[in-house]
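# Observations on the three-dimensional arrangement
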Amino acid sequence: MSTPLPLRIRRGLRLPRTLWLLPPLAVLGLVFFFPLYELVQQSLSGGAAHYLRVLHAPIFLSALGHTLQIGLLSTLGCLLLGGVLAVLLAFVPFPGSSLLSRFIDAFLAYPSFLIALSLTFIYGAAGLVNASLMQLLHTSVPPLNFLYTTTGVVLAETTFYTPFVLRLLLAAFGTIERAQIEVAQSLGASPWQVLREIIAPAALPALLAGGSLTLMLTLNEFGIIFYLGAKGVITLPMLIYGKAIQEFDYAQASVIAVVSIVLSLALYALYRLSFNRLQRDHALPL
Amino acid sequence: MLFHSKFARRLAWGTFFLLSAVFFGLPLLMLLLAALAGQWNGVLPSQLGFGNLLDALQDARGHALFASLATAASATLCAVVLGTWGALASRRLNGAAQRVIDAVYITPITLPTVTVGLALLVAFSRPPLLLNGSPALVIIAHVTLITAYAYSGIRAGLARLPEAYEQVAASLGASPARILFGVTLPLLRPYIAAAASLGFALSMGELGATIMLYPPGWVTAPVDVYALTNRGSIFSGAALSVLLLAATVIALLVLNRLGRHPRRS
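The rules behind these values
- Residues numbered from 1 in each chain as written.
- Chains lettered and ligands numbered in written order.
- Predicted model: local features only at pLDDT ≥ 70, side-chain atom pairs only at ≥ 80, totals over all residues.
- Helix = DSSP H or I, 4+ residues; strand = E, 2+ residues; numbered from the N terminus.
- Buried ≥ 20, exposed ≤ 12 C-beta atoms within 10 Å, placed from the backbone.
- Contact = placed C-beta atoms within 7 Å.
- Core = buried A, V, L, I, M, F, W, Y, C linked by C-beta atoms within 7 Å.
- Nonpolar A, V, L, I, M, F, W, Y, C, P; charged D, E, K, R; others polar.
- Axes fitted to C-alpha atoms, helices over the stretch in contact; angles between N-to-C directions.
- Parallel < 35°, antiparallel > 145°, perpendicular 65-115°, else oblique.
- Left-handed = near helix turned anticlockwise from the far one by under 90°.
- pLDDT = per-residue confidence, 0-100.

## Observations concerning the overall build of chain A
- The helix and strand inventory of chain A stands at 13 helices and zero strands.
- Helices (α) and strands (β) of chain A occur, in sequence order from the N terminus, as α-α-α-α-α-α-α-α-α-α-α-α-α.
- A principal-axis box enclosing the C-alpha atoms of chain A has dimensions of 100 × 70 × 35 Å.
- When the 286 residues of chain A are sorted by exposure, 43% land in the buried category.

## A word on the overall build of chain B
- Helix and strand counts for chain B stand at eleven helices and zero strands.
- With respect to the three principal axes, the spread of C-alpha positions in chain B is 75 × 70 × 35 Å.
- For chain B, the proportion of contacts with a sequence separation of at least 24, taken over those separated by at least 6, is 72%.

## Some words on the nonpolar core
- Ranked by internal contacts, the top residues of the largest apolar core, which has 165 residues, are A:I224, A:I240, B:L118, B:L120 and B:A195.
- Among all residues touching A:I240, those that are not within four sequence positions of it are A:A253, A:I256, A:A257, A:S260, B:V114, B:T115 and B:L118.

## A few points about the interface of chain A and chain B
- Counting from both sides, the interface comprises 66 residues of chain A and, opposite them, 63 residues of chain B.
- Here the side of chain A that touches chain B takes 13 residues from helix α2 (residues 22-44) of chain A, the largest share from any one element.
- Its residues assigned to classes, the side of chain A that touches chain B comprises 54 nonpolar, ten polar and two charged.

## Topic: the packing of helix α4 (residues 58-91) of chain A against helix α1 (residues 6-36) of chain B
- The interhelical angle for the contact between α4(A) and α1(B), taken along N-to-C directions, is 135°, at an axis separation of 10 Å. One element, α4(A), and the other, α1(B), form an angle in the oblique class. Considering the relative orientation of α4(A) and α1(B), their crossing is left-handed. In this structure, α4(A) uses A:L81, A:V84, A:L85, A:L88 and A:L89 to contact α1(B), whose residues at the interface are B:A12, B:T15, B:F16, B:L19, B:S20 and B:F23.
- In the contact of α4(A) with α1(B), the residues fall into nine nonpolar, two polar and no charged.

## Observations regarding the packing of α2(A) against helix α5 (residues 113-123) of chain B
- Taken N-terminus to C-terminus, the directions of α2(A) and α5(B) make an angle of 80°; their axes are 8 Å apart at the nearest point. By the criterion of interaxial angle, the relationship of α2(A) to α5(B) is roughly perpendicular. Packed against α2(A), whose contacting residues are A:F34, A:P35, A:L36, A:E38, A:L39 and A:Q42, the element α5(B) presents B:L118, B:A119, B:L120, B:V122 and B:A123 at the interface.
- A class-by-class count of the residues in the contact of α2(A) with α5(B) yields nine nonpolar, one polar and one charged.

## Regarding the confidence of the model for chain B
- Considering every residue of chain B, the mean pLDDT works out to 88; 97% of them sit at 70 or more.
- On the interface metric, ipTM, the complex scores 0.86, and its pTM is 0.87.

## Section: the confidence of the model for chain A
All names here are of chain A.
- Mean pLDDT over chain A works out to 85, with 91% of the residues at or above the 70 mark.
- Of all the helices and strands in chain A, helix α1 (residues 7-12) carries the lowest mean pLDDT, 46, while α4 carries the highest, 94.
- Within the model, pLDDT remains below 50 along residues 1-13, and this stretch shows one contact once partners closer than five positions in the same chain are excluded.

## A look at unusual backbone geometry
Residues and elements named next belong to chain A.
- In the Ramachandran plot, H138 falls in the positive-phi region, its phi being about 50° despite a non-glycine side chain.
- Located in the positive-phi region is F248, a residue other than glycine, with phi close to 55°.
- Position of F248 relative to the elements: it lies in the loop between α12 (236-246) and α13 (250-282).
- Using a count of 8 C-beta atoms within 10 Å as the deciding quantity, one classes F248 as exposed.

## Examining helix α10 (residues 221-230) of chain B
- Within α10(B), eight of the ten residues are buried, which leaves it mostly tucked inside the rest of the structure.
- All buried positions along α10(B) are accounted for by B:A221, B:P222, B:V223, B:D224, B:V225, B:Y226, B:L228 and B:T229.

## Section: the environment of B:L53
Residue and element names in this part refer to chain B.
- Mapping L53 onto the fold places it in helix α2 (residues 51-56).
- C-beta crowding within 10 Å serves as the criterion here: with 19 such atoms nearby, L53 is assigned to the partly exposed category.
- In contact with L53, other than residues within four places in its own chain, are A35, A239, V242 and L243.

## Examining the environment of B:L111
- Within the secondary structure layout, B:L111 lies in the loop between α4 (95-110) and α5.
- Those residues in contact with B:L111, other than ones at most four positions away along the chain, are A:N220, A:I261, A:S264 and B:V116.

Structure (structure tokens):
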């Protein structure tokens, strides 16, 4: 009579767990998927002819070219710089190297536009390097002018996105048995052989995952290019901003935005594929 | 150890220090110097002082910092609630359903932030959902862009949580709500703090979506730094940037402290 209800019945009265997913999904739907749907609608408002017209315009094609060029070069830069730093940090450790890697980690909290601003103080027309060179060469014309070109943008993006690659590489290197390297060396392997036979195979999936992540992020990058104000370096995000905010042309802006979204989603799929491989091979945490 | 000879090891360390100094140390140092600079005619700035920094706390500059802090704090709070809720609710889903929820949460950060801003502008510029011109739209954009990080951080935390505590609590008759608030959430505390830190830092530096959406009365610090440097007030821009970084670092330290388990203090 006063015995408590059996556990099973009490459980049965509870709402299914999946219903709890509805509130957050409804919020995300309202603030993200509904606007995305509206954006696609907006882009279709001019019909297919409008799409073709926008996508055939020289300004779009040149922006697409710049975006891909900057993205690929920056990604290459990040893989090179990140690769060298990661190998040195993981396999030639020095006292305090873990502290330094945490400092590079903290760089992730540094907004990307601040990199662009900081670099103008170093390589800008009146910056550290140009001022030194001008004093040295007794000239009043700044000898280095690369900052406001594609080169400057690539340098800034390489600086900003290298820590992303570095983190993935260090995680992958953490799974290499140190004994494996020592045994190889005691059998007479040179550093070059160790690098090629042991370190490179472990690094490959991380480089692939880091590379596709960096490529996606650099194709999407806006702040760095906006801050550098590089004349003639118009990428897709810059073009979208220009069309929407400076020309109030939402129809064109949304067509370019949709193309840009498709490009990013394709790259993200590539990143997931390579990251899943990395996770499977190395049992990395998410 | 890759190298056993002393010379090779020194060479490797030298390379490492040179690369990290040139790429990471120097930019930060020059930004700090510019923030303190009174004049910059030669190779290095001169007349260093705190004048720029103090000016940056006044009037419009101070308001920009406030707008950034208010945006970041509210966006982080919403994102952490949304992310934690989603991660907890999707905890025992099967593989395919889990992947769908993951995709729903992660998609926003795979897109250019400018397109997220444009989509919000298109969707919320006409009645009945007229939010254009309100700070709320800026905050919504930030929530959209940082919720993914909160979600994946909490999800990783949940995967590492020992299940025994919750099972013991359940077998002792604790209600699901009691288990959630008494066991699961306290165990998740460090992960929630880490997720909030990342979200806060990203929100403080967000530019791409904000510049599409900000109303005149809600100029965040990154937008203001752009306006300042564009007008030629480079030292004021650098000073505001340094204050932005300082405010971010202080917030991260506070969150880090909150994330520690109280009894392990």
